[in-house]
Each structure stands twice: as C-alpha cells, then as structure tokens.
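Next come the chains, spelled out residue by residue.
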Amino acid sequence: MHDPGGWLGATWPFVREHLPPAPAAVLEVGCGSAGGFVPKLLAEGYAAVGVDPAAPAEPGFHRVEFERYEPPHPVAAVIASNSLHHVGDLPAAVGCACDALAPGGVLVVLEWGWERFDAATARWCFDRMPADGAEWLRHGHDRWVASGLPWDEYFPAWANDHGLHPSAAVVDELDTRFTRTLFAEGPFFFSDLGIEPDEERAAIAAGSIQATGIRYVGAPRAD
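Rules used in this analysis
- Residues numbered from 1 in each chain as written.
- Predicted model: local features only at pLDDT ≥ 70, side-chain atom pairs only at ≥ 80, totals over all residues.
- Heavy atoms only, no water.
- Helix = DSSP H or I, 4+ residues; strand = E, 2+ residues; numbered from the N terminus.
- Rg over C-alpha atoms; globule rule 2.2 N^0.38 Å.
- Buried < 20%, exposed > 50% of the residue type's maximum accessible area, 1.4 Å probe, protein only.
- Lys, Arg positive; Asp, Glu negative; His and termini not counted.
- Charge placed at Lys NZ, Arg CZ, Asp CG, Glu CD.
- Salt bridge = Lys/Arg side-chain N within 4 Å of Asp/Glu carboxyl O.
- Phe/Tyr/Trp six-rings, centres within 6.5 Å; stacked < 30°, edge-to-face > 60°.

### Regarding the overall build of the protein
Thinking step 1. Scanning the protein from N- to C-terminus turns up 9 helices and 7 strands.
Thinking step 2. A globule of 223 residues ought to have a C-alpha radius of gyration of about 17 Å, and the protein, at 17 Å, matches this closely.
Thinking step 3. The dimensions of the protein, computed from C-alpha atoms along their principal axes, are 50 × 35 × 30 Å.
Thinking step 4. Within the span of the protein, comprising 223 residues, buried residues form 47% of the whole.
Thinking step 5. The average position of the 14 basic charges and that of the 31 acidic charges among the side chains of the protein differ by 2 Å.

### Looking at unusual backbone geometry
Thinking step 1. Cis peptide bonds are those with omega within 30 degrees of zero, and the linkage from alanine 22 to proline 23 qualifies with 15 degrees.
Thinking step 2. With respect to the helices and strands, proline 23 occurs in the loop between helix 1 (4-17) and strand 1 (25-29).
Thinking step 3. Even without being glycine, asparagine 82 reaches a positive phi, approximately 55 degrees.
Thinking step 4. Tracing the chain through its elements places asparagine 82 in the loop between strand 4 (75-81) and helix 3 (90-100).
Thinking step 5. Here the phi dihedral of alanine 134 falls at roughly 55 degrees; this positive angle occurs in a residue that is not glycine.
Thinking step 6. Structurally, alanine 134 is set in the loop between helix 4 (119-126) and helix 5 (135-147).

### Focus: the pattern of salt bridges
Thinking step 1. For the structure on display, the rule yields 8 salt bridges.
Thinking step 2. Ionic pairing is found between aspartate 99 and arginine 177, a salt bridge with its closest N-O pair at 3.0 Å. Of this pair, aspartate 99 sits in helix 3 while arginine 177 sits in helix 7 (residues 167-177), and the two are 78 residues apart along the sequence.
Thinking step 3. Arginine 180 serves as the salt-bridge partner of aspartate 175, at 2.7 Å between the closest nitrogen and oxygen.

### Comments concerning the packing of aromatic side chains
The description of an aromatic ring pair uses the distance of the two centres, along with the angle that the planes make with each other.
Thinking step 1. Throughout the structure, instances matching the rule amount to 20 aromatic pairs.
Thinking step 2. For the ring pair tryptophan 112 and tryptophan 136, a centre distance of 5.3 Å and an interplane angle of 80 degrees mean the geometry is edge-to-face. One end of the pair, tryptophan 112, is in strand 5 (residues 101-112); the other, tryptophan 136, is in helix 5, and 24 residues separate them in sequence. Taken individually, tryptophan 112 and tryptophan 136 each receive the classification buried, so the pair is uniform in this respect.

### Thoughts on the environment of aspartate 192
Thinking step 1. If you trace the backbone, aspartate 192 turns up in helix 8 (residues 190-193).
Thinking step 2. With 180 residues separating them in the primary sequence, aspartate 192 and tryptophan 12 have C-alpha atoms 15 Å apart.

Encoded structure:
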C-alpha cells in the first residue's frame, strides 16, 4: 500500500523504540515484497525474519501466510505493519503472533483504520497527492472516479470486496491476547503525501479529517 521507503523510514523510529536490544529475535508479519523492516533490523544486528506470501525470495524470508508459519523458536518481538487488516483469519493470526513470543516478548503494531477513510478525509488526501509517488492513493482515486459512485458508497464496497478487517475488530482481537502498553490514534497518510505528520495531526485536531493511523504495543496476557 505504502511507498516502502517513505512509510518505513517514517515509522521506523517508533518501531525501534519499542523493540528489545539487538541481537534479539524479531519476526515481522506481512513484510511485503520489499521486505518490510527486516533489512533495517538486520542492519542493526537483530536476528530478524519476515513472513508474507509475497516476501522476497531471499534468506530470512518465508513465503507463506502467517497463520501457516511455524517459527522454529520463540522470538522476543513481533512486528505487524499494516498487515493485520489483510489477514484471512484474524483470530488465528493474532493467536499465532502471541504464541510466537517468548516470555516477556513484545508486539508492535502499526495499523490503518480504513473504515474512517470517509469522503472528507479522502478529499483532503487527494488534494495533497504529490506529482510522483502515492500510487495507491492515485489508483484509488482513479478507480473511484471511474465508478461514478459517491465515495461513501464506493469505498466500503471496495474494502469489503478485498476482505479488509475494520480496525476496531483488529484492536478488539489484539486485546483478547495482549495487554496494551501503548495505544494511539493519529496520522497515517503523511509519508505518502510528502508532508509532516504534524500537518495531518493538525487537520485531525481541527475535525477536518479522521485519525486513521493506529499504533499498538502490547505484551501477551498473563490470564
């Protein structure tokens, strides 16, 4: 969905802040064809692997659905960046993430509240699309225009056709297996739009757009 360099570069400081020190073992759920955070993790000395059906065909990556992946040993951290709303079986994926963690492990999640991507938020984004980049937004805009439908009719139908889980369902499922140590809602589109997150944050605070970015850090529940 996102330009790998922009999104990963913008969110890496948050992810890195919540990880244990290297050389801890880290598993990334849904690393995508670009490898997600795995290259950054490896460069910093982590024992990192990425799992995704579209993962690079390189050592350290596993081309399989996360629900079917069996880690050879527990890991200290699991990262899920814009992947849980895509998984086929959400409870199974969250359960696998929890089961993969060693005692004292941490889950770091970056998610998109797509159900809040309403007409006002979409228009705000479309009006700020850069000349280059933001391909997924541009393609979404063009498909919407071609449909001839109002945005609030077109976009939920598109999300349903793609089997996307609402962020509320993702968070509720996470809460069944994890105790939150951090939860925040805020900017999401800034890296694609080439703007500072504070600009998007200000529009959210003014009520002009919805907060569609979600950051969740948790530890496996003891009960």
